[in-house]
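Below, each chain spelled out in residue letters.
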Amino acid sequence: MNPKRKFLFMSTLIITLIISLIPLMQQTWATGYDPKFHIARLQTLAHNLQAGHFPNPIGFEYLHTLGYGVGFFYSNFFLYPFAILVALGCGVVKVYLAMIIIISILAIITITWTTNELFHNYYANLLAAPLYLLSNYYLTALYTRTAIGEGWALVFIPLVILSLEKIRQNQLQFKFLLAGSMSALLLSHILTFLLACAYVLLFSLLNLWHNAQSRNLIKALCQSAAWALGLCAAFLLPFIQQYTAQKYTDTTRANDGSYQIIHNDFTLSSVFSTLFILFLLCSIYLIYQQVQHRLTARFLDQIAIIAGILTIFIYSNFLIRVAVKLFQPIVLLQTVIRFNTLILPLEVLVVAGVAGQIIAQQRQQGGILGGIFVLIVGYFFLVPVTNNYQFYQQRKALIPADFSQEYSISMGEYQPAKLNAWRMQLSHDPTPSEIARHNHYRILQNNPEQLLIQTTSSAAGKTIELPRTAYRGYRYQIPQQKSQEAQFSNHGLLAIEIPPHRQALQIKIFYQPTKLALLGAVLSSVTSGFFLYCILRRKV
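Since we're looking at a predicted model, the values are computed, not measured.

Calculation rules
- Residues numbered from 1 in each chain as written.
- Predicted model: local features only at pLDDT ≥ 70, side-chain atom pairs only at ≥ 80, totals over all residues.
- Heavy atoms only, no water.
- Helix = DSSP H or I, 4+ residues; strand = E, 2+ residues; numbered from the N terminus.
- Buried < 20%, exposed > 50% of the residue type's maximum accessible area, 1.4 Å probe, protein only.
- Areas by Shrake-Rupley, 256 points an atom, 1.4 Å probe, with all protein chains shown as cover.
- Phe/Tyr/Trp six-rings, centres within 6.5 Å; stacked < 30°, edge-to-face > 60°.
- Lys NZ or Arg CZ within 6 Å of the ring centre and 35° of its normal.
- Pairing = 2+ DSSP bridges.
- 1 Å grid on protein atoms, 1.4 Å probe; cavity = no way out; pocket = protein on both sides within 12 Å on 5 of 7 lines; lining within 4 Å.
- Points joined across faces, edges and corners; volume = space filled by probe spheres on them.
- Nonpolar A, V, L, I, M, F, W, Y, C, P; charged D, E, K, R; others polar.
- Salt bridge = Lys/Arg side-chain N within 4 Å of Asp/Glu carboxyl O.
- Contact = heavy atoms within 4.5 Å.
- Axes fitted to C-alpha atoms, helices over the stretch in contact; angles between N-to-C directions.
- Parallel < 35°, antiparallel > 145°, perpendicular 65-115°, else oblique.
- Left-handed = near helix turned anticlockwise from the far one by under 90°.

Draft legend 1. Representation of the overall build of the protein chain in the model. Within the protein chain, the regular secondary structure consists of 24 helices and 10 strands. Within the span of the protein chain, comprising 540 residues, buried residues form 54% of the whole. Only carbon and sulfur atoms are counted for the fraction: they give 63% of the accessible area of the protein chain, which is about 24800 Å².

Okay, structure coming up:
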């Protein structure tokens, strides 16, 4: 790359990053529950680390210190480095904003590297980052909805697309990248991970004959799946254990009882965006090339088909209903708009690949095409940013200097259904002192590390409820006895049985990783070590 091209390329990336961070420069963020929810995750992680409580999937401060096991279902893996900074004394809001900046930088790196590896085209590389970071969906996800999990997912999803295509090209060393990126998706945003699994399935079906002829390809895909499961075992096994232990608050249904995903909550701008219009034009170009029997990149044709299929689902209520009947777990996505976490990188790659190809083929007419190219880049710089900025203005609020608000549980999907029903019945949130008073004991200590209570004679021989949300792993210890696993009450809290004929007891309640969680930690540790060894030695 000559100096002039290199300067233009780096300038484009820097300007893209700066424009994407405009909301942060205004010291504002979107109002709503998501900023508070993710900052609360950081804050509770930091407090648990300061208390020496690790691993810490349960946020102590939530629900008036009843605790909320968000870490069982929404991995904290990528939050730990930032939580450590908070624990060391950095302001949680500043750390949260730094995380947004790092996500944006990493997204630029992964989409640009993916584009370069796939097309080896300067113009495609130049277009990819602006198309990606300045798209309606990316800006909306990161700033309007402040969906940090999806932000992390948008960093890794291009790597899944890249590695799968490279494996199809028989570059089997990319099985490590596929395993690592799928693991990262699972540890950042489960719903995007499920969409990535759907992409792997669709892409494999489109290449079924090609894959069937190569045992090495099938072997590589199976190895990637095994690696990913092993790497994520520390999160996946506790997740399965907690998810199957009880019913949780159902957030997949609307007020009328129907599934939220079948409601068309999209706007035309979310589908017919500037990027989508350009994607349609590029798709028409690919079809024209096929009709003219001109060779095009097989990969471009296939990802255009997959992106087109997924886009149809966004605005076709009928197809979504059919999909729900055929595969009900799809309702976990809650809204069809989440399809965009996969559609966005696919559309960007199609547009960048086709536009880069056309410009490269016609570079001898650089004067005219150069002007057109500048207009296209400028259009995609300004239109999505302007549209999103106008919508953002309606929801923006000043970023607080410090975080001292109530800890948000967002939609509460990781809350036991019985606890949610009890809270609705009470019309208020039960407090530890209220629970203790009704169950005949006093609270001596209540912190992230342990709950220490002293019962009265009235509690002897009874089953009492504890001010802890019910999750597997909680244990209690009566003096001179071995610790036992706590049970679940009918209110979604912990429950223990007090021995009869005892006047007063001091009982300690604490969280301890279950045997299945410890097994997952061992599997992940062993897999990680072997994974790194194989990468360094290029074996297996």
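From this point on, the discussion continues.
Draft legend 2. Summary view of the environment of P130. By the secondary structure assignment, P130 is in helix α8 (residues 122-133). When its relative accessible area of 4% is taken as the criterion, P130 is described as buried. Along the backbone, P130 and I108 are 22 residues apart, and their C-alpha atoms lie at a distance of 8.5 Å.

Draft legend 3. Layout of the packing of aromatic side chains. Tallied over the entire structure, the rule returns 28 aromatic pairs. With a centroid separation of 6.0 Å and an interplanar angle of 80 degrees, the aromatic rings of Y474 and Y511 are classed as edge-to-face. Of the two residues, Y474 is situated in strand β6 (residues 474-477) and Y511 in strand β10 (residues 506-511); the sequence distance between them amounts to 37 residues. Y511 carries the same exposure label as Y474, and that label is buried. A cation over a ring is seen here: R472 above F488, with NZ or CZ 4.4 Å from the ring centre. Lying over the aromatic face of F510, K508 brings its terminal NZ or CZ to 5.4 Å of the ring centre.

Draft legend 4. Expanded view of the sheet that holds strand β7 (residues 484-485). Taken together, the 5 strands give an open sheet; going across it, the order is β3-β4-β10-β6-β7, and neighbouring strands pair in antiparallel fashion. This sheet does not close on itself; its edge strands, each paired only once, are β3 (441-446) and β7. Of the pairings in the sheet, the one linking strand β4 (residues 451-455) to β10 comprises 4 bridges and is antiparallel in character. Considered in β10, the bridge of L451 is made with I509.

Draft legend 5. Region of interest: the sheet that holds strand β5 (residues 463-469). Read across the sheet, 3 strands follow the order β5-β9-β8 without closing on themselves; strand pairing throughout is antiparallel. A strand with exactly one partner marks an edge of an open sheet, and here the two such strands are β5 and β8 (487-488). Where β5 lies against strand β9 (residues 493-497), 5 bridges are found, and the strand directions are antiparallel. If you follow I464 over to β9, its bridge partner there is I496.

Draft legend 6. Spatial organisation of unusual backbone geometry. Phi at N170 takes a positive value of approximately 75 degrees, unusual for a residue other than glycine. Mapped onto the elements of the fold, N170 is located in the loop between α10 (148-168) and α11 (175-188). A positive phi angle is found at Q480, which is not glycine, with a value near 65 degrees. When you line up the elements, Q480 lands in the loop between β6 and β7. Judged by relative accessible area, which is 85%, Q480 ranks as exposed.

Draft legend 7. Empty space enclosed by the protein, seen in detail. Scanning the entire structure with this criterion turns up 6 cavities of 30 Å³ or more. Roughly 120 Å³ of internal volume is contained in the largest cavity. Lining the largest cavity are 17 residues; nearest its centre among them are H53, F60, P448, R468 and Y474. Here the element with the most residues in the lining of the largest cavity is β10; it accounts for 3 residues. By residue class, the composition of the lining of the largest cavity is 9 nonpolar, 6 polar and 2 charged.

Draft legend 8. Region of the structure containing the pattern of salt bridges. In this structure the tally under the stated criterion is 4 salt bridges. Two residues, R338 and E150, come together in a salt bridge whose shortest N-O distance is 3.2 Å. With a gap of 188 residues between them, R338 in the loop between α19 (317-326) and α20 (340-361) and E150 in helix α10 connect regions that are remote in the sequence. Comparing R338 with E150, the two get one shared label, buried. In this structure, D429 and R423 form a salt bridge, with 2.6 Å as the shortest nitrogen-oxygen distance.

Draft legend 9. View of the environment of P238. In this fold, P238 is placed in helix α15 (residues 233-245). The exposure class assigned to P238 is buried, which follows from its relative accessible area of 9%. In this structure P238 touches F72, A233 and A517, once residues within four positions along its chain are discounted.

Draft legend 10. Structural context of the packing of helix α18 (residues 298-315) against α20. Between α18 and α20, whose axes approach to 9 Å, the crossing angle comes to 140 degrees. By the angle between their axes, α18 is oblique relative to α20. In this structure, α18 meets α20 at a crossing whose hand is left-handed. Within the contact between the two elements, α18 uses F299, L300, I303, A304, I306, A307, L310, T311 and I314 and α20 uses N340, L342, I343, L346, E347, L349, V350, G353 and V354. In the contact of α18 with α20, the residues fall into 14 nonpolar, 3 polar and 1 charged.

Draft legend 11. Spatial organisation of the layout of surface pockets. Looking at the second largest pocket, its volume works out to about 700 Å³. As for the second largest pocket, its lining consists of 27 residues, of which S75, F77, L187, A234 and F235 are closest to the centre. Only α5 (70-73), α11, α15 and α24 (515-537) provide two or more residues apiece to the lining of the second largest pocket. In terms of residue count, the dominant contributor to the lining of the second largest pocket is α24 (5 residues). Within the lining of the second largest pocket, the residues separate by chemical class into 19 nonpolar, 8 polar and no charged.

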